Amino acid sequence: MAMNNIRSLRSFIIIKETVGEVGQRTFATGKAKKGGKGGAASDAPKASILSKEVKSTTVVGANILKDGTDPKILADSEYPDWLYHLLDKRPALSELRRKNIETLPYEDLKRFVKLDNRDRIKENNSIKAKH
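Since the model is a prediction, treat every value here as computed from it, not as a measurement.

Attention now goes to the overall build of the protein chain. A count of helical and extended segments in the protein chain gives four helices and zero strands. In the protein chain, the succession of helices and strands from N to C terminus is α-α-α-α. The burial tally for the protein chain puts 8% of its 131 residues in the buried class. A fraction of 5% describes how many contacts in the protein chain between residues 6 or more apart in sequence connect residues 24 or more apart. For the protein chain, the exposed surface amounts to about 12900 Å²; the carbon and sulfur share of it is 58%.

Pasting the structure below:
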């Protein structure tokens, strides 16, 4: 009786090891199957069919409305002046601290107060987190 149990247990272990090796999950190889699930291969961007002329006169993909069209690119004089200052480098907090606060322009003073408040809040939060 004990021998039969040992034999059945051995066969069960062998089967389990075999199934474990065969049923083991592996990583994908990266090759897409045709007609596979998800259609990832068909979602890949295709070669652009828009002419260079259309690309140079419109902002392709900027339309957010169903019935709308892509906006046209205007001459630089048609855009407001503030638009060109959005990407200007603004001084960091360390630079603003080195300057005299009384002589700072209003915009830099506003930025200094904002960055200084943010820095103090972060410092207080880190102190509270330690306790």
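The discussion continues.
Bringing a nonpolar patch on the surface into the picture now. Taken together, the side chains of Trp-82, Leu-83, Tyr-84, Leu-86 and Leu-87 define a hydrophobic patch exposed on the protein surface, amounting to about 610 Å² of accessible area. Among the secondary structure elements, Leu-86 is positioned in the loop between α2 (52-57) and α3 (93-98). Judged by relative accessible area, which is 57%, Leu-86 ranks as exposed.

Averaged over all residues, the pLDDT of the protein chain is 78; the fraction at 70 or higher stands at 63%. Between the elements of the protein chain, mean pLDDT differs from a low of 55, seen in helix α1 (residues 2-22), to a high of 95, seen in helix α4 (residues 106-130).

Let us look at the nonpolar core. In this structure, Leu-93, Leu-96, Leu-104, Phe-112 and Leu-115 together form the largest nonpolar core, which totals five residues. Listed by contribution, the elements that provide at least two residues to this core are α3 and α4. Among all residues touching Leu-93, those that are not within four sequence positions of it are Phe-112, Leu-115, Asp-116 and Asp-119.

Moving on to the pattern of salt bridges. Under the defined criterion, the tally for this structure stands at four salt bridges. One salt bridge connects Asp-116 with Arg-97, and the closest N-O pair in it is separated by 3.0 Å. Here Asp-116 is found in helix α4, whereas its partner Arg-97 is found in helix α3, with 19 residues between them in sequence. Taking the relative accessible area as the measure of exposure, Asp-116 reaches 18% and is therefore buried. The salt bridge involving Arg-97 is made with Asp-119; its shortest N-O contact spans 3.2 Å. Residue Arg-97 is located in helix α3, and its partner Asp-119 is located in helix α4; the two are separated by 22 residues in the primary sequence. Among the residues examined, Arg-97 registers a relative accessible area of 46% and is labelled partly exposed. Here the residues in one salt-bridge network are Arg-97, Asp-116, Asp-119 and Arg-120, joined through shared partners.

Scoring rules and cut-offs
Residues numbered from 1 in each chain as written. Predicted model: local features only at pLDDT ≥ 70, side-chain atom pairs only at ≥ 80, totals over all residues. Heavy atoms only, no water. Helix = DSSP H or I, 4+ residues; strand = E, 2+ residues; numbered from the N terminus. Buried < 20%, exposed > 50% of the residue type's maximum accessible area, 1.4 Å probe, protein only. Contact = heavy atoms within 4.5 Å. Areas by Shrake-Rupley, 256 points an atom, 1.4 Å probe, with all protein chains shown as cover. Patch = residues over 30% accessible without salt bridge, like charges linked within 9 Å, V, L, I, M, F, W, Y side chains within 5 Å. Salt bridge = Lys/Arg side-chain N within 4 Å of Asp/Glu carboxyl O. pLDDT = per-residue confidence, 0-100. Core = buried A, V, L, I, M, F, W, Y, C linked by side-chain atoms within 4.5 Å.

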